[in-house]
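Residue-level structural notes
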Amino acid sequence: MDGGGGSGSAAPSAASVASLTSAATVKYVCGDCKEKSSIKFGDPIKCHNCGHRILYKTHTKERIQYVAR
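Attention here is on the structure that accompanies the text. All values derive from a computational prediction rather than experimental measurement. (Residues numbered from 1 in each chain as written. Predicted model: local features only at pLDDT ≥ 70, side-chain atom pairs only at ≥ 80, totals over all residues. Heavy atoms only, no water.)

**Details of the overall build of the chain**
Scanning the chain from N- to C-terminus turns up one helix and three strands. Helices and strands in the chain line up, N terminus first, as α-β-β-β. The burial tally for the chain puts 9% of its 69 residues in the buried class. Sequence-distant contacts, at least 24 apart, represent 27% of the contacts inside the chain between residues at least 6 apart. (Helix = DSSP H or I, 4+ residues; strand = E, 2+ residues; numbered from the N terminus. Buried < 20%, exposed > 50% of the residue type's maximum accessible area, 1.4 Å probe, protein only. Contact = heavy atoms within 4.5 Å.)

**Some remarks on the side chain of serine 37**
With respect to the helices and strands, the residue serine 37 is situated in strand β2 (residues 36-39). Its relative accessible area of 6% is what places serine 37 among the buried residues. Those residues in contact with serine 37 that lie beyond four places of it in its chain are Val26, Lys27, Tyr28 and His48.

**Remarks on the state of the cysteines**
Tallying each qualifying case throughout the model produces zero disulfides. In this model cysteine 33 remains outside any disulfide bridge; the closest cysteine sulfur is found in cysteine 47, 3.7 Å from its own. For cysteine 33, a relative accessible area of 29% gives the class partly exposed. (Disulfide = S-S within 2.5 Å.)

**Some points on the environment of glutamate 35**
Note on placement: glutamate 35 falls in the loop between β1 (26-30) and β2. Measuring from C-alpha to C-alpha, the distance between glutamate 35 and cysteine 47 comes to 7.6 Å, with 12 residues separating the pair along the chain. Residues in contact with glutamate 35, not counting those within four places in the same chain, are Tyr28, Val29, Cys30, Cys47 and Asn49.

See the structure below:
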């Protein structure tokens, strides 16, 4: 044991927080009124049209490739 310093930090670094706040908006579809809405990091998770709090994430149309090992 190293005496309490620890190499793992509990708080995220400033660079990771900045990358999260500057991330693009994510598109969701309301479960009640089917309205499409975009939500940014830190915004409340609710429909902008009716206030319903169940939103479904839309699928991306761009290709995603994973490396399997």
